[in-house]
Amino acid sequence: MTGSPVTPPDRQARAVRLGPRSVAALILVSAVGVAGFGWPFLAPPDASLNAHTQDAPWLFAGLLVLLVAVVAATISESGLGPKAVAMLGVLAAAGAALRPIGAGTAGLEPMFFLMVLSGRVLGPGFGFVLGSVTMFASALLTGGVGPWMPFQMLAMGWFTMGAGLLPGPDRLRGRAELLMLAAYGFLAAFAYGTVMNLAGWTFMNTLASNIAFDPDVSVASNLARFLAYCLATSLGWDGGRAAMTVVLTLTLGAPILRALRRATRRAAFEAPITFEDPEKANGPA
């Protein structure tokens, strides 16, 4: 059995090539995720969903866990081979180990820059699975298991997948690529914090705070409440996360990108597997 890489030197290898079923599964889970995060602004004040303000996040959390598992299984079926699984395990373990380092210190979470670089090199399909698995492993490691965990898994999956969708994966290199990744990491770090605020905001008691979600007021009023909630609770944390992602991407990004690309070339994810006749291989007796 022999295998030889078929990826040209100027084209970046992908650990997973998304097929139609994988794309459909990603679209489905993303649509449900948008509904799970954004239902306070999607449901009008008189909607029956608002009568279950405290129950809705739990229902969406349970549904998201199942859907993320389905997406991971679908992507695995489409070509997540043993070498890709091994790389997934190594990167997920590294990300899970990095997350607690700065936890509780102004949002300084170094795992985010690793997710950006990994998604860039290994592609959107692998990136979604990596982001979700890393956040799951991190929650088990830090004891952060709760109704917010499925939302974190989906948001981190989006975060890492987005890096894999950035332009120029085969040609853009050097300083220009690092600047693009740093800019993406900066914006995506704030986006991650914002969508996670949506997941936690509805758990607040309206009687305890005037910035909590109120199912009896208009969408515009709740939007103002949510913006005030973000400014009061997470702006500094998100800023620290974004700043650390930029600094680490610009300072450590180049060698890590080279290492990841070298590993993908040596792994030869896209190499065809062929079987040779032993008699032909040994020649005539």
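Each chain carries its own residue numbering, running from 1 in the written order of its sequence. It should be noted that, the model being predicted, local features are given only for residues of pLDDT at least 70 and side-chain atom pairs only at 80 or more, the latter also being counted only at that level, while totals for whole chains, interfaces and linings use all residues. With hydrogens and water stripped out, all remaining heavy atoms of the structure feed into the side-chain values.

## Remarks on the packing of helix α5 (residues 124-142) against helix α6 (residues 149-164)
Orientation is described by lines fitted to C-alpha atoms, with helices fitted over the stretch in contact, and by angles between N-to-C directions that extend from 0 to 180 degrees. Working definition: helices are DSSP H or I runs of at least four residues, strands are E runs of at least two. Numbering for both runs from the N terminus. The N-to-C vectors of α5 and α6 enclose an angle of 145 degrees; their axes lie 7 Å apart at closest approach. Helix-helix and strand crossings are classified by hand; for α5 and α6 the assignment is right-handed. Listed contacts from α6 to P124, G127, F128, L130, G131, S132, M135, F136 and A139 of α5 are M149, Q152, M153, L154, M156, G157, W158, T160, M161 and G164. Lys, Arg, Asp and Glu make up the charged group, whereas Ala, Val, Leu, Ile, Met, Phe, Trp, Tyr, Cys and Pro make up the nonpolar group; the residues left over, Gly among them, are polar. Among the residues forming the contact of α5 with α6, the class breakdown is 12 nonpolar, seven polar and no charged. Crossing chirality is assigned from the near helix's rotation relative to the far helix, an anticlockwise turn below a right angle marking it left-handed and a clockwise turn marking it right-handed. A contact between two residues is defined here by any heavy atoms of the two lying within 4.5 Å.

## Some details on the packing of aromatic side chains
Only rings of Phe, Tyr and Trp enter the pairing, Trp through its six-membered ring, and a pair is recorded when the two centres are within 6.5 Å. The plane angle decides the type: under 30 degrees is stacked, over 60 is edge-to-face, the rest tilted. Under the defined criterion, the tally for this structure stands at five aromatic pairs. For the ring pair F112 and F159, a centre distance of 5.1 Å and an interplane angle of 85 degrees mean the geometry is edge-to-face. Placement of the pair is F112 in helix α4 (residues 111-122) and F159 in helix α6, with a sequence separation of 47 residues. Per residue, the accessibility class of F112 equals that of F159, and both read buried. Ring pairing ties together the aromatic residues F112, F159, Y184 and Y192, which thus form one cluster. Here's how the labels work: a residue is buried when its accessible area is under 20% of the maximum for its type, exposed when over 50%, partly exposed in between, all with a 1.4 Å probe on protein chains only.

## Let's talk about the packing of α4 against α6
Helix-helix packing: each pair is described by the crossing angle between the helix axes and the interaxial distance. Where α4 contacts α6, the axes come no closer than 6 Å and their chain directions differ by 45 degrees. Considered as vectors, α4 and α6 are oriented oblique to each other. Once α4 is placed against α6, the crossing between them reads as right-handed. Contacts from M111, F112, M115, V116, G119 and R120 in α4 reach M156, F159, T160, A163 and G164 in α6. Class assignment of the residues belonging to the contact of α4 with α6 gives a composition of seven nonpolar, three polar and one charged. When describing relative orientation, an angle under 35 degrees is termed roughly parallel and one over 145 degrees roughly antiparallel, while 65 to 115 degrees is termed roughly perpendicular and anything else oblique.

## Notes on the nonpolar core
Note on soluble globular proteins: their nonpolar side chains tend to be buried together. The biggest cluster of nonpolar side chains holds 52 residues, and the ones touching the most others in it are F37, F126, M156, F159 and Y192. At the level of elements, α1 (20-42), α3 (82-98), α4, α5, α6, α7 (174-201), α8 (219-233) and α9 (235-267) are the ones that each hand at least two residues to this core. Looking at this core, the element that brings in the most residues is α7, giving 10 residues. Aside from chain neighbours lying at most four places away, what touches M156 is M111, F112, M115, G131, M135 and Y192. Residues enter a nonpolar core if they are buried and are Ala, Val, Leu, Ile, Met, Phe, Trp, Tyr or Cys, with the set joined through side-chain atoms within 4.5 Å.

## A closer look at the environment of F136
Relative to the elements of secondary structure, F136 occurs in helix α5. Residue classification places F136 among the partly exposed positions, given a relative accessible area of 35%. Taking C-alpha positions, F136 is 8.3 Å from Q152, a pair spaced 16 residues apart along the chain. Excluding anything up to four places from it in sequence, F136 contacts M149 and M153.

## Some details on the pattern of salt bridges
By definition, a salt bridge exists where a carboxyl oxygen of Asp or Glu is found within 4 Å of a side-chain nitrogen of Lys or Arg. Inspection of the entire model under this criterion finds four salt bridges. R120 is the salt-bridge partner of E177, the closest N and O atoms lying 2.8 Å from each other. Taken together, the residues E177 in helix α7 and R120 in helix α4 connect sequence positions 57 residues apart. Relative accessible area serves as the criterion here: at 2%, E177 is assigned to the buried category. Relative accessible area serves as the criterion here: at 1%, R120 is assigned to the buried category. The residue D238 makes a salt bridge to R241 at a minimum N-O spacing of 2.8 Å. Of this pair, D238 and R241 both sit in helix α9, three residues apart, roughly one helical turn.

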